[in-house]
Structures are given as structure tokens and as C-alpha cells.
Amino acid sequence: ALWCLMMSVTPTRGCLLDLPWEDILVPHILCHLPLPQLLSLQRVSKAFQSLIQLYLANMRCFDSSQIGPAIPRAAFVNLLKDNEVLQQLALQNCSDWLTDQELLPVIGQNHHLHQIQLKGCAQLSRHALVAISLNCPNLRQLSLAHCEWVDSLSLRSLADHCKALEAVDLTACRQLKDEAICYLVQKCSRLKSLSLAVNANVGDVAVEETAKCCPELEHLDLTGCLRVKNDSIRVLAEYCPKLRSLKVKHCHNVAESSLSILRSRGVELDVEPPLQRALVLLQDVVGFAPFINLQI
């Protein structure tokens, strides 16, 4: 119906293109169309091409998943070449084509970004993170999951310049050690969500410093952090009263003795208490959960 409205032209009523572009079409109509459909509109006429270019230059959010991971490199560059007002940029799993050459110009001209998603963008380098830190002072959320090019120096740059960060995902950033994480949390004390999952170099030192520096912490993912032990979990319970969820699956040195404190506060944990695990196993074997009377 919207397409027909755009194409309709009558001597008395005119067409949709007669409406104010910046005040009506861009903010109130085009924003409801999927990006692929908008791009196809460019082929209708020169007027529509100009309209879509205006829309692209004023986009606040860009998510590559709307087009698909196979977006041509040249198409990405052309889409954002005139945009200087982006607030959210999601480029997860664009490892097949995204390099510093494509990303750095976008970061360099968009200083209002507060959310950046680069999960799985393996062809970038530490220069991308340095560029983000220098150009995005209002950054709140950053995902660098599975970006093994992230190193301690680039993370220090992020910590020095983006102190308003509230959520950082460093899953499988395997170059990072305790020292780098400690520097980050010391500078970015507003963190509410942090993932250090799948990093064998992260241990108690980083977790304890995170607990002491980030009292607003609500979500912490330590999945697969084999060096994390009970002591740091107890410190976490002591210093983070707002903690809502903690992931410690495959942390073999973390036992129920430390988790029970958090469990009693209603913190969501990704491991079950020993008795519950036993009951679930028994139920699977015999087909029902028996009533057990425990007298202490």
C-alpha cells in the first residue's frame, strides 16, 4: 500500500514526493520501510534516488543484518559515506569483508555513536578499537566478542577515552590478561554488563578488581574462565549488591560454597545447586522426582 501511495500521481493531489522530505518523508515514512526495499526505491527515478540518499545520510541506526552478512563491500561504503549522525552501528559477523579500510572512515565521521556491535569481525585490527576510542566519547555499549585482535594497548585506549561505557563484551578476546581488564574497570566504573567469557588468561585478580571498581555491575559472564576461583566470587558478592546474573559454567574451580551467597540473594546463575542437579538426574533415570526429607 505504501508503495502504491508513493507511485500515485494525480493533478490535484500530487504525489508523496511533494511532501517535505526532511520533516515528513525521512523521519515519519521511510523509517518504517526495510532497508533493502528502500535501496530498491533508488532505481525508480532520480527524485527517489535523491530522497533515499537523504535518508541514508540521516540514519541514526545501521544494522548489517537487515541486508545480510553478504553485503558487498562497496555497497557498505556507499551507504554510509555521507552519514555523520549515526548513533548505533551493528556489523556483527561481517568477517568476510569488513576491514579497517571500510570501518575507519565511518567511525571517523560519526562522533555520536553510543552503541557499536563488531562481534566476529575477525579482519579488523587494533587500529579499529583505537579509532573508536578517539572518536566516540559517548560510547555506552561495545561488543568485541570473538575479536582476537583486541590487545591490551587498544583496550587501554578505550578505557582512557570512553569512560561512560556501561556494557562491554570481550568474549574470546584471548590476548587480554588480568592487567588489561583491571585497567578497563578502574577507568570505566559505570559498567553494568561485562563479558570475559572463554578467556583462560582471566582470573581472580580481574574479577576482584571488577567487583571493587564497578558497584553498578548487574551482569557478569565468566563462562570458561578456568582460573577464576571461589575467593573472587565471594568478593563479587560483597561489593556488587546490584548483581542480577552471573555465568560461571565450566569454571571448575568455582564451587557452591561461594555461589550460595549469590543464590540466596536471587542472583540468576547458570549452574544448578548440587542437590538440584542430583534430583534432575534421578528424574531422568526413574521418570519422577522423589520426595526427599532432609533433617539437619
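From a predicted model like this one, the values you see are computed outputs, not experimental measurements.

A.B. asks: An account of the confidence of the model for the protein chain is requested, with residue identities and associated values reported.
C.D. replies: Confidence in the prediction of the protein chain, expressed as mean pLDDT, is 86, and 82% of residues score 70 or more. Residue range residues 1-13 is modelled with pLDDT below 50. Its contacts to residues more than four positions away, or to other chains, number 19 contacts. Long-range and interchain partners of residues 289-296, a stretch whose pLDDT sits below 50, account for four contacts in this model, where long-range means more than four residues apart.

A.B. asks: Describe the nonpolar core, and please don't skip the residues or the numbers.
C.D. replies: Counting 85 residues, the largest nonpolar core has Phe62, Leu222 and Leu246 as the members making the most contacts within it. When neighbours within four sequence positions are excluded, Leu246 is seen to be in contact with Leu220, Leu222, Ile233, Leu236, Leu259, Leu262, Val267, Glu268, Leu269 and Asp270.

A.B. asks: So what's going on with the layout of surface pockets? Which residues, and what values?
C.D. replies: In this model, the largest pocket occupies a volume close to 530 Å³. Taken together, 29 residues form the lining of the largest pocket, with Cys61, Phe62, Asp63, Gln88 and Leu89 sitting closest to its centre. Elements with a contribution of two residues or more to the lining of the largest pocket: α2 (21-29), α3 (35-41), β1 (61-63), β2 (88-90), β3 (115-117), β4 (141-143), β5 (167-169) and β6 (193-195). Partitioning the lining of the largest pocket into residue classes produces 17 nonpolar, nine polar and three charged.

A.B. asks: Tell me about the sheet that holds β6, residues and numbers included.
C.D. replies: Spatial ordering of the open sheet is given by β1-β2-β3-β4-β5-β6-β7-β8-β9, a layout of nine strands whose pairing is parallel. Where the open sheet ends on each side, the last strands, each with one partner, are β1 and β9 (268-269). When β5 meets β6, the two strands line up parallel, connected through three bridges. Note that in β6 the partner of Asp169 across the bridge is Ser195.

A.B. asks: A description of the packing of aromatic side chains should follow, citing residues and the corresponding values.
C.D. replies: In the structure shown here, the tally under the stated rule is two aromatic pairs. A ring pair is formed by Phe76 and Trp97, whose centres lie 5.1 Å apart and whose planes are at 55°; its orientation type is tilted. Highlighted residues: Phe76 in helix α5 (residues 73-80) and Trp97 in the loop between β2 and α6 (100-109), separated in sequence by 21 residues. Trp97 shares its class with Phe76; the two are buried. Connected via pairs of aromatic rings, a cluster forms that spans Phe62, Phe76 and Trp97. Positioned above the aromatic ring of Tyr183 is the side chain of Arg156, whose terminal nitrogen or guanidinium carbon lies 3.7 Å from the ring centre.

A.B. asks: Break down the environment of Phe76 for me, citing the residues and quoting the values.
C.D. replies: On the accessibility criterion, Phe76 (0% relative accessible area) is buried. Residues Phe76 and Val106, spaced 30 residues apart in sequence, show a C-alpha to C-alpha distance of 9.9 Å. Those residues within four positions of Phe76 in sequence are excluded, and the remaining contacts are Phe62, Ile71, Leu91, Trp97, Leu98, Glu102 and Val106.

Criteria and thresholds
- Residues numbered from 1 in each chain as written.
- Predicted model: local features only at pLDDT ≥ 70, side-chain atom pairs only at ≥ 80, totals over all residues.
- Heavy atoms only, no water.
- pLDDT = per-residue confidence, 0-100.
- Contact = heavy atoms within 4.5 Å.
- Core = buried A, V, L, I, M, F, W, Y, C linked by side-chain atoms within 4.5 Å.
- Buried < 20%, exposed > 50% of the residue type's maximum accessible area, 1.4 Å probe, protein only.
- 1 Å grid on protein atoms, 1.4 Å probe; cavity = no way out; pocket = protein on both sides within 12 Å on 5 of 7 lines; lining within 4 Å.
- Points joined across faces, edges and corners; volume = space filled by probe spheres on them.
- Helix = DSSP H or I, 4+ residues; strand = E, 2+ residues; numbered from the N terminus.
- Nonpolar A, V, L, I, M, F, W, Y, C, P; charged D, E, K, R; others polar.
- Pairing = 2+ DSSP bridges.
- Phe/Tyr/Trp six-rings, centres within 6.5 Å; stacked < 30°, edge-to-face > 60°.
- Lys NZ or Arg CZ within 6 Å of the ring centre and 35° of its normal.

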